[in-house]
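Topology and contacts: notes
What follows is each chain in one-letter form.
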Amino acid sequence: MPIRDPALWQPFESWLASPEAEALAAAAHRKLVKYQTEARTLVTDYARCAYLARIDVERTVPPPLVADVARLHDTMRLAALPALPRHLTEPFSPFDDLHEGTIPLYTAEFDAAPDPRLWLGRRERRQMRFLQGALAGMAALVAMGLVAHVLDLPLSPGLWTALIGANFVWLVIASFNQPMRKRWL
């Protein structure tokens, strides 16, 4: 990692290896996200955003989930991390793109882009689930077609046309305004 200030990053890196960081990840897993790996990534991003806030406070605004981890850390009374400045943990609208300026700073400092699934707002995560549902529907249609072909089941062409057409419309609508396409590509 091309860390600009290794001496400033050292306390954050040490904290990430501590039992307190593990406890925070476990709490984030219980309260914020579904998977343990996502919770661990959020805790890492929390420490990274706190570090970035020390370097450039004007451009550092954590995404909603990372701000939620910061607020969760405040309530747990764990060992102190050089925490995010108070104004960065205040709730803000998930529809705002306030954290957009943080992404280039994060990428430059840590030599990798943040996980887009965790840096999206609620509306954007809903859009991603909508697209995933459309893709799952297409996969189900293919599986149903294969099963019908293997079992030699008669299915009317009108039914197939309607199912494929409806799923194609769903897929087009879902993919039209995807946050991943706009921000990360």
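Everything in this summary refers to the structure shown in the same document. All figures in this text were calculated on a predicted structure; none of them were measured in a lab.

1. Details of the overall build of the protein
- Scanning the protein for helices and strands turns up eight helices and zero strands.
- The order of helices and strands in the protein, counted from the N terminus, is α-α-α-α-α-α-α-α.
- When the 185 residues of the protein are sorted by exposure, 40% land in the buried category.
- Contacts in the protein between residues at least 24 apart in sequence constitute 73% of all its contacts with a sequence separation of at least 6.

2. Section: unusual backbone geometry
- A positive phi is found at aspartate 111, a non-glycine position, where the angle reads about 60°.
- Given the relative accessible area of 60%, aspartate 111 is considered exposed.

3. A few points about helix α5 (residues 102-110)
- Residues Thr102, Ile103, Leu105, Tyr106, Glu109 and Phe110 constitute the buried set of α5. End-on, the buried residues of α5 take up no more than an arc of 165°, which puts them together on one face.
- Structurally, α5 contributes buried residues whose contacts are with α1 (6-16) and α3 (36-55).
- Aspartate 111 sits one or two residues past α5 and shows a positive phi near 60°.

4. Some words on the packing of α3 against α5
- Direction vectors running N to C along α3 and α5 enclose 100°, while the axes themselves pass 11 Å from each other. On the basis of their axis angle, the class for α3 and α5 is roughly perpendicular. Residue-level inspection shows Asp45, Arg48, Tyr51, Leu52 and Ile55 of α3 in contact with α5, the latter providing Thr102, Leu105, Tyr106, Glu109 and Phe110.
- Class assignment for the residues of the contact of α3 with α5 results in six nonpolar, one polar and three charged.

5. Comments concerning the nonpolar core
- Within the largest apolar cluster, 31 residues are counted, with the highest numbers of intra-cluster contacts made by Trp15 and Val43.
- Counting only elements with at least two residues in this core, the list comes to α1, α2 (19-31), α3, α4 (64-76) and α5.
- Ranked by residues supplied to this core, first place goes to α3 with nine residues.
- The contact partners of valine 43, leaving out residues within four places of it in the chain, are Trp15, Leu16, Ala21, Leu24, Ala25 and Val69.

6. Examining the packing of aromatic side chains
- Counting across every chain of the model gives seven aromatic pairs.
- Of the aromatic side chains, those joined through ring pairs into one cluster are Trp9, Phe12, Tyr51, Tyr106 and Phe110.

7. What to know about the side chain of threonine 102
- Mapped onto the elements, threonine 102 comes out in helix α5.
- Under the relative-accessibility criterion, threonine 102 is labelled buried at 0%.
- Here valine 61 takes part through its backbone nitrogen, which lies 2.7 Å from a polar atom of the side chain of threonine 102.

8. Let's talk about a nonpolar patch on the surface
- A cluster of nonpolar side chains, contributed by Met144, Val147, Val150, Leu151, Leu153, Leu155, Leu159 and Leu163, occupies part of the molecular surface with about 690 Å² of accessible area.
- Breaking the nonpolar patch down by element, the ones donating at least two residues are α6 (122-150) and α7 (157-176).
- A per-element tally of the nonpolar patch places α6 first, with three residues.
- Of note, methionine 144 is situated in helix α6.

The rules we used
- Residue numbers here run from 1 along each chain, matching the order of that chain's written sequence.
- For a predicted model such as this one, the threshold for reporting local features is a pLDDT of at least 70, and the threshold for listing and counting side-chain atom pairs is 80 or more; totals across whole chains, interfaces and linings nevertheless cover every residue.
- Values shown for side chains rest on all heavy atoms present in the structure; no hydrogens or waters enter the calculation.
- Under the DSSP-based scheme used, a helix requires at least four consecutive residues in state H or I and a strand at least two consecutive residues in state E, with every element numbered from the N terminus.
- Each residue's exposure class comes from its accessible area (1.4 Å probe, protein chains only) as a fraction of the maximum for that residue type: buried when under 20%, exposed when over 50%, partly exposed otherwise.
- Contacts are residue-level and defined by heavy atoms, with any inter-residue pair within 4.5 Å sufficient.
- Comment: arc refers to directions from the helix axis out to C-beta atoms.
- Where helices are involved, their axes are fitted lines through C-alpha atoms of the stretch in contact, as for all axes, and angles between N-to-C directions lie from 0 to 180°.
- Put simply, angles under 35 degrees are roughly parallel, angles over 145 are roughly antiparallel, angles from 65 to 115 are roughly perpendicular, and the rest are oblique.
- Following the grouping adopted for this structure description, the nonpolar residues are Ala, Val, Leu, Ile, Met, Phe, Trp, Tyr, Cys and Pro, the charged ones are Asp, Glu, Lys and Arg, and the polar ones are all others, Gly among them.
- The set of buried Ala, Val, Leu, Ile, Met, Phe, Trp, Tyr and Cys residues whose side-chain atoms join them within 4.5 Å is what this entry labels a nonpolar core.
- Only centres within 6.5 Å qualify two rings of Phe, Tyr or Trp (six-membered ring in Trp) as a pair; their planes then separate them into stacked at under 30 degrees, edge-to-face at over 60, and tilted for everything else.
- Here a polar contact is taken to be a pair of N or O atoms separated by no more than 3.5 Å, where protein atoms must pair a possible hydrogen donor with a possible acceptor and residues adjacent in sequence count only if both atoms sit in side chains.
- In this scheme, patches are assembled from residues that exceed 30% relative accessible area and form no salt bridge. Like charges are connected within 9 Å, while nonpolar side chains (Val, Leu, Ile, Met, Phe, Trp, Tyr) are connected within 5 Å.
- Only the protein chains shown count as cover for residues, and the accessible areas themselves come from Shrake-Rupley with a 1.4 Å probe.
- Criterion for a salt bridge: a side-chain nitrogen of Lys or Arg within 4 Å of a carboxyl oxygen of Asp or Glu.

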